[in-house]
Amino acid sequence: QVHLVESGGGLVQPGGSLRLSCAASGSIFSIMGWYRQAPGKERELVAAITSGGSTNYADSVKGRFTISRDNAKNTVYLQMNSLKPEDTAVYYCNVRSIFYNAWGQGTQVTVSS
């Protein structure tokens, strides 16, 4: 059984920054990523990173968000800069391997003045 613990969400003003963390139990996962879901919208992929360090970002966050991982700690991070009100959503950590596909509990990110 995989356990994920998310942290780092909160309330920030437009242009501010937040850093999300997701610590996973078990072995190293092939893909670790972040999804988000705003009220009335479908859950969407924000960013993903492979065990080798290859990354993929949604067009809406390119240049502002950076995903990284620490394989020794089995933790994935999402550094969010230049935040916009449109980034307001619940952010979910997701980890995958040939054996697992697990989701975190979600953390609220609110960007408002």
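Just above sits the structure.
Residues numbered from 1 in each chain as written. Predicted model: local features only at pLDDT ≥ 70, side-chain atom pairs only at ≥ 80, totals over all residues. Heavy atoms only, no water.

1. Details of the side chain of Asp87
So, point 1. Its place among the elements puts Asp87 in the loop between strand S8 (75-80) and strand S9 (89-96).
So, point 2. Relative accessible area serves as the criterion here: at 2%, Asp87 is assigned to the buried category.
So, point 3. Reaching out from Asp87, the side chain makes a polar contact with the backbone nitrogen of Lys84 at a distance of 2.8 Å.
So, point 4. The contacts of Asp87, once residues within four sequence positions are left out, are Arg36, Arg64, Phe65, Ser82, Val109 and Val111. (Helix = DSSP H or I, 4+ residues; strand = E, 2+ residues; numbered from the N terminus. Buried < 20%, exposed > 50% of the residue type's maximum accessible area, 1.4 Å probe, protein only. Polar contact = N/O pair within 3.5 Å; in protein donor to acceptor, adjacent residues only side chain to side chain. Contact = heavy atoms within 4.5 Å.)

2. Points about the pairing of strand S11 (residues 107-111)
So, point 1. What you see with S11 is a clean split: Thr107, Val109 and Val111 sit on the buried side and Gln108 and Thr110 on the side with no burial.
So, point 2. Examined bridge by bridge, strand S2 (residues 10-12) and S11 share three bridges and lie parallel to one another. From the neighbouring strand, Leu11 faces S11, where its bridge partner is Thr110. (Pairing = 2+ DSSP bridges.)

3. Here we look at the packing of aromatic side chains
So, point 1. Overall, the coordinates contain three aromatic pairs when judged by the stated rule.
So, point 2. A centroid spacing of 6.4 Å and a plane angle of 65 degrees characterise the contact between Phe99 and Tyr100, whose relative ring orientation is edge-to-face.
So, point 3. The aromatic ring of Tyr77 is capped on one face by Arg19, whose charged end is 4.3 Å from the ring centroid.
So, point 4. One residue, Arg43, lies across the ring of Tyr92, its end atom 3.8 Å from the ring centre. (Phe/Tyr/Trp six-rings, centres within 6.5 Å; stacked < 30°, edge-to-face > 60°. Lys NZ or Arg CZ within 6 Å of the ring centre and 35° of its normal.)

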